[in-house]
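# Descriptive analysis of the structure
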Amino acid sequence: TQQPTETYTAVYFILADLMMLGQYTYYALRDRLMQLPVYDTLPTTPNTPSANDNNNHNSSSSDNTDANDSPAGGSAGRPP
């Protein structure tokens, strides 16, 4: 006779195999449906940049300041 652990393991692997077969079937059918000509006629939206895209190009270059350049920063060896 089989131990309960063997039965649980067998059920687990059967369920895992069924899940894998289900995923394979789903993605195979989805890929086949996506190749139908009806999907080629869908309108596409133009890829236009948004208003915020132009403002963020040089944001990191303005942070090139030294600690000595700031009025409150200063270094310990430098008189106020």
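Below: a short report on this structure.

About the criteria used
- Residues numbered from 1 in each chain as written.
- Predicted model: local features only at pLDDT ≥ 70, side-chain atom pairs only at ≥ 80, totals over all residues.
- Heavy atoms only, no water.
- Helix = DSSP H or I, 4+ residues; strand = E, 2+ residues; numbered from the N terminus.
- Buried < 20%, exposed > 50% of the residue type's maximum accessible area, 1.4 Å probe, protein only.
- Areas by Shrake-Rupley, 256 points an atom, 1.4 Å probe, with all protein chains shown as cover.
- Phe/Tyr/Trp six-rings, centres within 6.5 Å; stacked < 30°, edge-to-face > 60°.

## Quick look at the overall build of the protein chain
- Helix and strand counts for the protein chain stand at one helix and zero strands.
- Sorting the 80 residues of the protein chain into buried and exposed places 0% on the buried side.
- A total accessible area of about 8,000 Å² is found for the protein chain, and carbon and sulfur atoms account for 57% of it.

## Observations concerning the packing of aromatic side chains
- Tallied over the full model, the rule gives two aromatic pairs.
- Taking 5.2 Å as the distance between ring centres and 75° as the angle between the ring planes, the aromatic pair formed by Y12 and F13 counts as edge-to-face.
- Residue classification places F13 among the partly exposed positions, given a relative accessible area of 48%.
- With 4.9 Å between their ring centres and 80° between their planes, Y26 and Y27 make a pair best called edge-to-face.
- Accessibility expressed as a relative area gives 42% for Y27, which makes it partly exposed.

Fair warning: the whole summary comes from geometry, so function is off the table for now.
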